[in-house]
Amino acid sequence: MSSHHLKGVKKSTLTDKMRSAICEHKKENPTISQKDMQAWVQQKFDLTISQSTISNTLKRASEYLSNEMKNSDVKRHKLAKYHDLEKVLYEWFLQRQDKVNMYGEIIQGKAKELLQKMYGETNPEFSFSSGWLEHFKARYRIKSYRRFGESGSVIMANIENALPGIRSKLDQFQLKDIYNMDETRLFYRLEVDHSLAIKQLEGHKKDKERITVVVCCNGDGSDKIPLWVISKYANPRYFKNVNMNNLNCKYRSNKKAWMTGLLFQDFVGWFDKRMNGRKVLLRIDYCPAHPKVVEGLRNVELFFLPPNTTYKIQPCDVGIIRAFKDHYRRRFYSSILQGLEVEAPDPEKINILTAINFANMTWNFDVKTTTIANYFRHCKIRSEENNVPEPEVGELDEGIQGLNDVISNLYYRNVMDVEHLLNYPSENDAVMESPTDEEIIQSVMNSNDDENDPEPDDSSVVPNVSSKEAFQAIVTLSNYLLQQEQNIPEVVYALQS
């Protein structure tokens, strides 16, 4: 396929540094169109480029965002053939490297298999040679094929054996400099009526109504990192008039709404920038979607917990995520109750934007600093905590009672047990399942599609609101609060200021 240049425009070639800036801008503004990207490039670099140049650049985002490419002024370099295939192959490698003793022939054989699956061809003119293999390893920083547990790594038979080594490492950091990150599936419309929930999660609707939420916080609870939300759709219909920078979270997407190795590297790189000037430890559970090597980190040291230990010594797994889901579902069911009271149609059918708002409020206001600190101490992962009394974590029991109270007001016929609701099997299992080749292909190809179809649900577009309409709404809300028997003075003052 030939490359077409814009007629009448002097040809200008982007440097790798420029392409890196384009990819960074797209990463920070995931719903921006290619046309708007063209305008941004024109304004920033005084260059006019085609949409195909934008598209081709974004398809190689992971490569251009690497440290080497970010600082490169090289204008031309040899392209990796079948770039999308290599991204799929890398995700496959991450998922399988600890189940199979990897060696070059296995990777080369899988590449040939993926070539047939993705492009329907064998292409005898292109061989995945030893030279290609070395370039592939260099592009994705694969230094060896050694399995976790072999020489050079630590595998521990049980938690008792694991703790001394973990404590030795964590004792080197203050509690405020020890962070824990984990992700969880969230069925954000899950009905508490057991029969409705079963129907809701049948078939394709299950994928549509789930998101992955990435939770990260430090040991004393003083720093709750903004949530990352991974959805199935890059451009949900409800986001059309929304400034993505005002979501107070990071929004990403792929076909299955999964955490992937590339997304994990994206998160860790972003987190490292956020920790600018500090030296912190990021504790992570061991799973295929978490590559053990992320290069270029200046402020963050990654510390992977041994397999099969996280359910006892990972604070997010032990209780922080559970507290998050408890408060989220209290907000969700309370909104249903309020909708029923004003006879709103289908109040349970919230859109992704409402789900994100609920998640943000839950994380930033409902999950308390003391709750986070208590669960860190509860895990006794530092030596000094091994000799202190067991911290109180009873706040979660109070939260469960509050959730039960909200649910009882909805008068469901076949109410699900709250414990089952907070530990819904499909939510927990979905994060750990191993994707098939086809699912990995779908995920990677979807993330490269710059113009994804909008979310096919019944949500409407957020209407444009004028300054006059916003002012009138503030006056109305202020008057409403002043008429109530009880209100929050700070809110009234903020509205009137």
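A brief structural summary.

Thresholds applied
- Residues numbered from 1 in each chain as written.
- Predicted model: local features only at pLDDT ≥ 70, side-chain atom pairs only at ≥ 80, totals over all residues.
- Heavy atoms only, no water.
- Helix = DSSP H or I, 4+ residues; strand = E, 2+ residues; numbered from the N terminus.
- Contact = heavy atoms within 4.5 Å.
- Core = buried A, V, L, I, M, F, W, Y, C linked by side-chain atoms within 4.5 Å.
- Buried < 20%, exposed > 50% of the residue type's maximum accessible area, 1.4 Å probe, protein only.
- Pairing = 2+ DSSP bridges.
- Axes fitted to C-alpha atoms, helices over the stretch in contact; angles between N-to-C directions.
- Expected span 1.5 Å × (residues − 1).
- Arc of directions from axis to C-beta.
- Phe/Tyr/Trp six-rings, centres within 6.5 Å; stacked < 30°, edge-to-face > 60°.

1. Comments concerning the side chain of Asp 182
- Position of Asp 182 relative to the elements: it lies in strand S1 (residues 178–187).
- Each residue touching Asp 182, except ones within four places of it in the same chain, is listed here: Val 213, Val 214, Val 215, Asp 285, Cys 316, Asp 317 and Ile 321.

2. Remarks on the nonpolar core
- Within the largest apolar cluster, 58 residues are counted, with the highest numbers of intra-cluster contacts made by Ile 320, Tyr 328, Tyr 333 and Trp 363.
- Element by element, the count of residues in this core is highest for helix H14 (residues 315–341), at 8 residues.
- If we skip the residues at most four places from it in the chain, Ile 320 touches Val 215, Cys 217, Pro 315, Trp 363, Ile 372, Tyr 375 and Phe 376.

3. Looking at the sheet that holds strand S6 (residues 300–304)
- Here 6 strands make up an open sheet; going across it, the order is S4-S3-S2-S1-S5-S6 and the pairing mixed. Two strands bound the open sheet, and with one partner strand each, they are strand S4 (250–253) and S6. Direction aside, neighbouring strands of the sheet carry axes that sit 25 degrees apart on average.
- Two strands pair when backbone bridges link them, and S1 and strand S2 (residues 210–218) are joined in this way by 9 bridges, in the antiparallel orientation. The partner of Arg 185 across the bridge, within S2, is Thr 212.
- Docked against the sheet, helix H15 (residues 352–366) engages S2, strand S3 (228–231) and S4, running at close to 20 degrees with respect to S2.

4. Some words on helix H7 (residues 104–119)
- Compared with the 22 Å implied by 1.5 Å per residue over 16 residues, the 22 Å span of H7 between its first and last C-alpha is a close match.
- Looking at H7, one finds that the buried residues are Gly 104, Ile 107, Gln 108, Lys 110, Ala 111, Leu 114, Leu 115 and Met 118. Looking straight down H7, one finds that the buried residues subtend no more than 160 degrees of arc, so they occupy a single side. Seen from the buried face of H7, the exposed residues on the opposite side, beyond 90 degrees, are Glu 105 and Lys 112.
- Phi turns positive, to about 65 degrees, at Gly 120, one or two residues after H7.

5. Concerning the packing of aromatic side chains
- Inspection of the entire model under this criterion finds 11 aromatic pairs.
- Aromatic side chains Trp 132 and Phe 136 sit 5.4 Å apart centroid to centroid with 15 degrees between the ring planes, which places their arrangement in the stacked category. One end of the pair is Trp 132 and the other is Phe 136, both in helix H8 (residues 130–139) and 4 residues apart, which spans about a single turn.
- Here Trp 132 falls in the buried class, since its relative accessible area comes to 7%.
- Seen in terms of ring centroids, Phe 267 and Phe 271 are 6.1 Å apart; in terms of plane orientation they differ by 10 degrees. Their pairing is stacked. Placement of the pair is Phe 267 and Phe 271 together in helix H12 (residues 261–274), with a separation of 4 residues, close to one helical turn. For the pair Phe 267 and Phe 271, one class covers both residues: buried.

Interpretation in functional terms is not warranted from these geometric data alone.
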